[in-house]
Structures are given as structure tokens and as C-alpha cells.
Amino acid sequence: MNRAGAVASATRKVQSGSAQLHAEAMGDPHDPCVILVMGAQASSLCWPQEFCDALVKRKRYVLRFDHRDTGLSTKYPIGAPPYSAEDLADDVVAVLDTFGVKRAQLVGVSMGGMIAQIVGLKYPERFIELFIMSATRLSEHDDEGLPGPSQAFLEVMKRGEQVDMNNREQAVAYMVDFGKVLAVTNEDFDEAATRTLVEKDFDRSGGYAHGSNHFKAKGGEAWAKKLPELKVPMTVLHGRLDPLFPIEHGRALARAVPGAKFVELPGGHGLGPSAVGPLIDALTSTERVGHAPSSCATTR
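Residues numbered from 1 in each chain as written. Predicted model: local features only at pLDDT ≥ 70, side-chain atom pairs only at ≥ 80, totals over all residues. Heavy atoms only, no water.

1. A short note on the nonpolar core
Convention followed: Think of a nonpolar core as a cluster: buried Ala, Val, Leu, Ile, Met, Phe, Trp, Tyr and Cys residues, connected wherever their side-chain atoms sit within 4.5 Å. Summary of the burial criterion: residues with accessible area below 20% of their type's maximum are buried, those above 50% are exposed, and those between are partly exposed, where the area comes from a 1.4 Å probe applied to protein chains only. Strands are runs of DSSP state E lasting at least two residues, helices are runs of H or I lasting at least four, and both sets are numbered from the N terminus onward.
Core analysis: the largest hydrophobic core is formed by 70 residues, its most contacted members being I35, L63, V92, V95, L106 and F127. With nine residues, helix α5 (residues 168-183) is the largest single contributor of residues to this core.

Take a look at the structure:
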């Protein structure tokens, strides 16, 4: 930390296939590492700085990065992304490699949770533990036995079809409304703070339209049948009021992986205030990391 108490950080450009990703490291590289993987259309700014600072204070070396088509990372033609879900998973390992990290804990939210399942299966030697929040399990087809999104979520998605996501006024207003629907409760939603974040993220990214490419990235289905073979310890955290993936999705994911833990959270979808404390506690109390720098230490 510097004299003002802020956490020291360093940014790097990460080459992963055709993409150049913007990534940031915070904290002491000799501490155990946590890599943060956000959801669809979401840049690294969606990991609150206060959350990252809290992890650093708990002796974690924190990595976060902008997905392809978000933030300061490579953008592709809208509607025709030349990458797959597996490429998004490979991006995670490329970030670890660039910062010289051998093994890490991984936190994945929503789409980031699906990416976490792929990387855990493809690169088990690189991860100490997976923490998957607000996600559903990988599937070869639609899970007909699991409930669908809430009516409020479907309605806000329908309204989004009429929004120009590269128009600042329209996009900011819509994303604030969207955040409110995801949060569900007033306790998990701060409208002023959300608007400030969305405005900053929009300006930094140059618009939000490219993020829609994430929904066209296929390939995760091929890993679905291998989920029972996942060897990396996994904790699933899921809000009981999640309007996108009702809590049954989180329970189904935990059941699909032998030995997985399940933690029920009180709120909606994503990293709301009610989820921050339980997630930080889960991340920093795990016995698998311990205090030995070699568990996640950099190769430098």
C-alpha cells in the first residue's frame, strides 16, 4: 500500500490468441493469488475497487481483467465474434501466465462462472479452488428441469432490444435499470453508485454494443459431460432471489460436481453488498491456500 492507504496496482497488456486484454494486478505478488472473472458484457470495473482492496488487506494478490469486447480489450465486429467460450477460458490462463502466476484461486460470476467450469476442467493444475457465483452449470442442451428467469428480468431484457448500447444516455439509463432488476432488493442496489460506475465504464469502453458478442460465443457445451470429473475443489455461491438463474441452478451445479460446497446468499444476481462478505470470507478462510507463498507465488 502507498502512504495514502490505497492498494498498489500494475497494469499489463495480455496477448491471448487474436485478443489483447487489459489486465490489472493489485497487492503483493508473493501472496496467494485470486483471479477475478466477470460476467457477460462486463469489464473489470464491475469488480468494485473496495472489494479488491479488501482482498489485498487479507493478504491476497488480486488479478482482474477486461474480457474481449469490453473495457480496454480488443473489440470485434458486432454479431460475428471470431472466438469461442473456450477462448474466453484460455484468456484466464493467459492472464495468469503474463503475471507469472503458477496457481490461483478463481472467482467467476455469471458467465465468469461458466468460464470457471471450463478452465477448471481444461487446466486443473493451474487452480487451487473455484468459487462460482450466480451461474448455471455447463450443459449440452437447455436444462428443461430448471426454472427460467423471472418475469421482471424477461421484461427488462425485452426493453433492451430497443436500446442503442452505443448511445451514452440510452445505454446508461438502461444499464442502471438492468442492475436494479438483477439486485432485486433495495439493500443490494445503490442507484447513484451504479450510475457512476456505468458512466465510467461506458466512457472507458467506448460503448456497450460489442459486449453482446459474448452471447454468441459457443463451445462450452463440449465440456458439460465432463463436469463430474472436475478435480479442482469448488464452492458455489448463489442468491436465493436470483432473477436470471434461480437458485435451483446453483444447487444443480453443486450436485453435478462431487464434493462441491454450496453457499446460499440472501440477495439476487451478482456481487451485491450482501454477497461481498460471504465471498471474501470463503476466499480467505480456505485451508487449501494456507500461508505458503509457493501455493500461488509468481514464477519471477
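2. Comments concerning the pairing of strand β8 (residues 261-265)
Condition: Two strands are counted as paired when DSSP detects at least two bridges linking them. Crossovers are described as right-handed under a simple rule: with the strands pointing away from the observer, the path leading from the first strand over the helix to the second runs clockwise.
Pairing geometry for strand β7 (residues 234-239) and β8, over five bridges, is parallel. Of the residues in β8, the one forming a bridge with V236 is F262. Taken together, β7, helix α8 (residues 247-256) and β8 form a β-α-β motif whose crossover is right-handed.

3. Re helix α3 (residues 111-122)
Put simply, the rule is: Under the convention used throughout, the expected extent of a helix is 1.5 Å for every residue step, that is, one less than its residue count. Residue contacts are counted whenever heavy atoms from the two residues lie within 4.5 Å of one another.
Over its 12 residues, α3 runs 17 Å from end to end, which matches the ideal 16 Å to within 8%, given 1.5 Å per residue. Along α3, 11 of the 12 residues are buried, which leaves the element largely enclosed by surrounding structure. Taken together, the buried positions of α3 are occupied by M111, G112, G113, M114, I115, A116, Q117, I118, V119, G120 and L121. Lining the buried residues of α3 we find β3 (33-37), α2 (85-98), β5 (104-109), β6 (127-133), α7 (221-224) and α8.

4. Some thoughts on the sheet that holds strand β4 (residues 61-65)
Which entries qualify depends on this criterion: Whenever a helix is involved, its axis is fitted only over the stretch in contact; in every case the axis is a line through C-alpha atoms, and angles between N-to-C directions fall within 0 to 180 degrees.
Here we have eight strands laid out as an open sheet, ordered β1-β2-β4-β3-β5-β6-β7-β8, and mixed in their pairing. Looking at which strands have only one partner, the edges of the open sheet turn out to be β1 (9-16) and β8. Pairwise comparison of adjacent strand axes, ignoring direction, gives a mean angle of 20° for this sheet. The strands touched by α3 are β3, β5 and β6; relative to β5, the strand with the most contacts, the crossing angle is about 140°.

5. Some words on the environment of W223
With respect to the helices and strands, W223 occurs in helix α7. The exposure class of W223 is buried, given its relative accessible area of 12%. In the structure, W223 is positioned 137 residues away from E86 in sequence and 9.3 Å away in space, judged by C-alpha atoms. Once residues lying within four places of it in the same chain are set aside, the contact partners of W223 are E86, I118, L121, K122 and L138.

6. Quick word on the packing of aromatic side chains
For clarity, the threshold we go by: Classification of ring pairs rests on two measures: the distance between centres of Phe, Tyr or Trp rings, Trp counted by its six-membered ring, which must be within 6.5 Å, and the angle between planes, read as stacked under 30 degrees, edge-to-face over 60 and tilted in between. Charge over a ring is defined by NZ of Lys or CZ of Arg lying within 6 Å of the ring centre and within 35 degrees of the ring normal.
What the rule picks out here adds up to five aromatic pairs. An angle of 20° between the planes, with centres 5.8 Å apart, marks the rings of W47 and F51 as stacked. W47 gets classed as buried once you look at its relative accessible area, which sits at 0%. Residue class for F51 comes out buried when judged on its relative accessible area of 2%. Aromatic side chains F153 and F178 sit 5.8 Å apart centroid to centroid with 50° between the ring planes, which places their arrangement in the tilted category. Here F178 lies in helix α5 and F153 lies in helix α4 (residues 151-160), a separation of 25 residues in the sequence. When its relative accessible area of 16% is taken as the criterion, F178 is described as buried. Each member of the aromatic cluster is reached from another via a ring pair, and the members are F153, Y174 and F178. In this structure, K226 is placed above the aromatic ring of W223, and the distance from its NZ or CZ to the ring centre is 4.8 Å.

7. Regarding α4
Applicable threshold: Throughout, the arc means that of the directions going from the helix axis to the C-beta atoms.
Inspection of α4 places F153, V156 and G160 among the buried residues, and these make up the whole buried set. Each buried residue of α4 lies within a common arc of 70° when the element is viewed along its axis, so the set occupies one face. Of the residues in α4, the exposed ones pointing more than 90 degrees away from the buried face are Q151 and K158. Buried-residue contacts for α4 involve α5.

8. A few points about the side chain of E129
Threshold: Within 3.5 Å is the distance limit for a polar contact, defined as a pair of N or O atoms, with the added protein rule that one can donate a hydrogen and the other accept it, and that residues adjacent in sequence qualify only through two side-chain atoms.
Examined against the element boundaries, E129 turns out to sit in strand β6. A polar contact is formed between the side chain of E129 and the side chain of T235, at a distance of 3.4 Å.

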